[in-house]
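# Architecture and fold: a report
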Amino acid sequence: MPQLKYNRILLKLSGEALAGNNGYGIDPDVLGQQADSIAELSHTGVQIGLVIGGGNIFRGAKLAKVGINHVTGDHMGMLATVINALSMQDALENRNLKTRVMSAIQISQICEDYSRRRAIRDLEQGRVTLFAAGTGNPFFTTDSAASLRAIEIGAKLLIKATNVDGVYSTNPHQDSSAKFYPSLSYDQALQENLEVMDATALVLCRDHKLPIRILNIRNSGALMRLVYGADIGSLIQ
């Protein structure tokens, strides 16, 4: 059997990834497909931290544009990520995986408060550990939360799963001449404003030398091949 290249990862999924073609809410079929991929990965022995956005339910920045206080909107977005994390936890447990949901805001009747030490212990025990509610602070995206949690738990790779095959100069769904970047530096992504992740997330990863892999979540088997060292998507380092 080939050797794992990455034994601990942080996987960042967008909330929209759970909505499927509906564009809103949680599509049970899509949720099941994502859970199957994560379960398959977990069975290899990879320790998995997971952050899911909340854009399929609420986006704080968009709510702010229609008059809702930005802080209030961001708090609503945090709660949306908790909904997504709980749905994924249920799907994973239906596949006989041990899980833990940890929230950056205190809602102890629903899930546990975030603790770095407990998260690392859970990962070592084989639990898929889901980090909800972002950083617990307004004005920070779930990309930043994913970078922060990945660094805190000592992940070897941050994977951002998107609906494109990697990093492009422009949106390839709208521009057929968009340039694909198989690899690039953190500073290049920042300077060219490639909108891979927000600047805070990229700077965190750069300063802590955490590599980022951007790939298409719809690419069947991509996660599995990646943890064994395949060159898939775009690498930022």
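Scroll up to find the structure this text is about.
Residues numbered from 1 in each chain as written. Predicted model: local features only at pLDDT ≥ 70, side-chain atom pairs only at ≥ 80, totals over all residues. Heavy atoms only, no water.

## Some words on the packing of aromatic side chains
Using the following cut-off: Each aromatic pair joins two rings of Phe, Tyr and Trp (for Trp, the six-membered one) with centres within 6.5 Å, and gets the label stacked for planes under 30 degrees apart, edge-to-face for over 60, and tilted for any other angle. Only runs of H or I of at least four residues qualify as helices and only runs of E of at least two qualify as strands under DSSP, and these elements are numbered from the N terminus. Buried, partly exposed and exposed residues are distinguished by accessible area as a fraction of the type maximum, computed with a 1.4 Å probe on protein chains only: under 20%, between the cut-offs, and over 50%, respectively. Any Lys NZ or Arg CZ found within 6 Å of a ring centre and within 35 degrees of that ring's normal is scored as a charge over the ring.
All told, the structure shown has 2 aromatic pairs when counted by the stated rule. Relative to Phe180, the ring of Tyr168 lies with its centre 5.2 Å away and its plane at 55 degrees, an arrangement referred to as tilted. A residue pair is termed long-range when its members are at least 10 positions apart, and Tyr168 in strand E7 (residues 167-168) and Phe180 in strand E8 (residues 180-181) qualify at 12 residues. On the basis of relative accessible area, Tyr168 is assigned to the buried category, the value being 18%. When the ring centre of Tyr114 is taken as reference, the NZ or CZ atom of Arg149 above it lies at 3.7 Å.

## Digging into the pairing of strand E3 (residues 99-103)
Rules: At least two bridges found by DSSP between two strands are what make those strands a pair.
Burial runs high along E3: 4 of the 5 residues are buried. Pairing of E3 with strand E4 (residues 112-113) involves 2 bridges; the strand directions are parallel. Bridge pairing in E4 places Ser103 opposite Asp113.

## Points about the sheet that holds strand E9 (residues 183-184)
Heads up, the rule is: Should any heavy atoms of two residues lie within 4.5 Å, those residues are counted as being in contact. To define axes, lines are fitted to C-alpha atoms, for helices over the stretch in contact only, and angles between the resulting N-to-C directions are given on a 0 to 180 degree scale.
Reading across from one edge, E4-E3-E5-E2-E1-E6-E10-E11-E9 is the order of the 9 strands in this open sheet, with mixed pairing throughout. Here the strands that pair on one side only, and so sit at the sheet edges, are E4 and E9. The strands that helix H2 (residues 28-42) touches are strand E1 (8-13), strand E2 (47-52) and strand E5 (128-132); relative to E2, the one it contacts most, it runs at about 155 degrees.

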